[in-house]
Amino acid sequence: MSEQVRAALEAKAAQVKEQMTSLSRPVEDQGSISFGKRVGDGTAMAVDRLTSVSAHDNLGTILQQVRHALDRLDEGGYGVCEVCGEAIPEGRLEARPWATRCIRHTD
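Everything numeric in this text was worked out from a predicted model, so none of it was measured. (Residues numbered from 1 in each chain as written. Predicted model: local features only at pLDDT ≥ 70, side-chain atom pairs only at ≥ 80, totals over all residues. Heavy atoms only, no water.)

S.K.: Just checking my understanding: could you explain the overall build of the chain for this structure?
M.R.: Counting its regular elements, the chain contains three helices and zero strands. Going residue by residue from the N terminus, the α and β elements of the chain occur as α-α-α. Here the contacts in the chain between residues at least 6 apart in sequence split such that 47% fall between residues at least 24 apart. Put simply, the chain shows about 7600 Å² of open surface, and 51% of that area lies on carbon and sulfur atoms. (Helix = DSSP H or I, 4+ residues; strand = E, 2+ residues; numbered from the N terminus. Contact = heavy atoms within 4.5 Å. Areas by Shrake-Rupley, 256 points an atom, 1.4 Å probe, with all protein chains shown as cover.)

S.K.: What am I meant to see in the side chain of arginine 92 here?
M.R.: In this fold, arginine 92 is placed in helix 3 (residues 90-95). We classify arginine 92 as buried; its relative accessible area is 15%. Ignoring sequence-local partners within four residues, the contact set of arginine 92 consists of Pro97, Ala99, Arg101, Cys102, Ile103 and Thr106. (Buried < 20%, exposed > 50% of the residue type's maximum accessible area, 1.4 Å probe, protein only.)

S.K.: What am I meant to see in the nonpolar core here?
M.R.: Soluble globular proteins: nonpolar side chains tend toward being buried together. Ranked by size, the top nonpolar core spans 18 residues in total, and within it Leu9, Val66 and Tyr78 carry the most contacts. Counting residues per element, the ones that place at least two in this core are helix 1 (2-24) and helix 2 (41-75). Among the elements that take part in this core, helix 2 stands out by supplying six residues, more than any other. Ignoring any residue separated from it by four or fewer positions in sequence, one finds tyrosine 78 in contact with Val5, Leu9, Ala69, Arg72, Leu73, Leu93 and Pro97. (Core = buried A, V, L, I, M, F, W, Y, C linked by side-chain atoms within 4.5 Å.)

S.K.: What am I meant to see in the pattern of salt bridges here?
M.R.: A side chain with one charge may pair with a side chain of the opposite charge, provided their charged atoms come close. Per the counting criterion, the structure on display carries three salt bridges. The salt bridge involving arginine 104 is made with glutamate 86; its shortest N-O contact spans 3.6 Å. Of this pair, arginine 104 sits in the segment after helix 3 while glutamate 86 sits in the loop between helix 2 and helix 3, and the two are 18 residues apart along the sequence. A relative accessible area of 48% means that glutamate 86 is categorised as partly exposed. (Salt bridge = Lys/Arg side-chain N within 4 Å of Asp/Glu carboxyl O.)

S.K.: Sorry if this is basic, but what is going on with the environment of arginine 101 here?
M.R.: Position of arginine 101 among the secondary structure elements: in the segment after helix 3. For arginine 101, a relative accessible area of 26% translates into the label partly exposed. On a C-alpha basis, the gap between arginine 101 and glutamate 82 in space is 5.7 Å, while along the polypeptide they are 19 residues apart. Here the side chain of arginine 101 touches histidine 105 through a polar contact of 3.4 Å, landing on its backbone oxygen. (Polar contact = N/O pair within 3.5 Å; in protein donor to acceptor, adjacent residues only side chain to side chain.)

Here is the structure:
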């Protein structure tokens with residue numbers, strides 16, 4: 001079981017890293033971004049860039065959570081809520097293998 005969990009967590013980490021790399025690549029031919037009275041290409045490009053930065057930050061958070069779950073697996077605490085010590089329901093771990101807290105103690 002733990003080898004399957006490890007494989008799933010490592011696959012998720014690799015997927016997140018690839019997505020982060022993809023978001024970090026420079027956009028080809030952006031041109032100059034300018035803001036005028038009308039919503040134009042510059043404004044749309046700026047909004048796209050802000051969205052990419054936010055997505056990158058969210059992926060970074062997920063990557064940290066995956067790494068933390070791998071640490072918990074190594075320490076023998078995987079599948080146990082790190083707040084209350086109760087078992088994390090199997091359904092939650094299937095949906096989110098990097099969960100280290102039960103639903104009651106999620107942020």
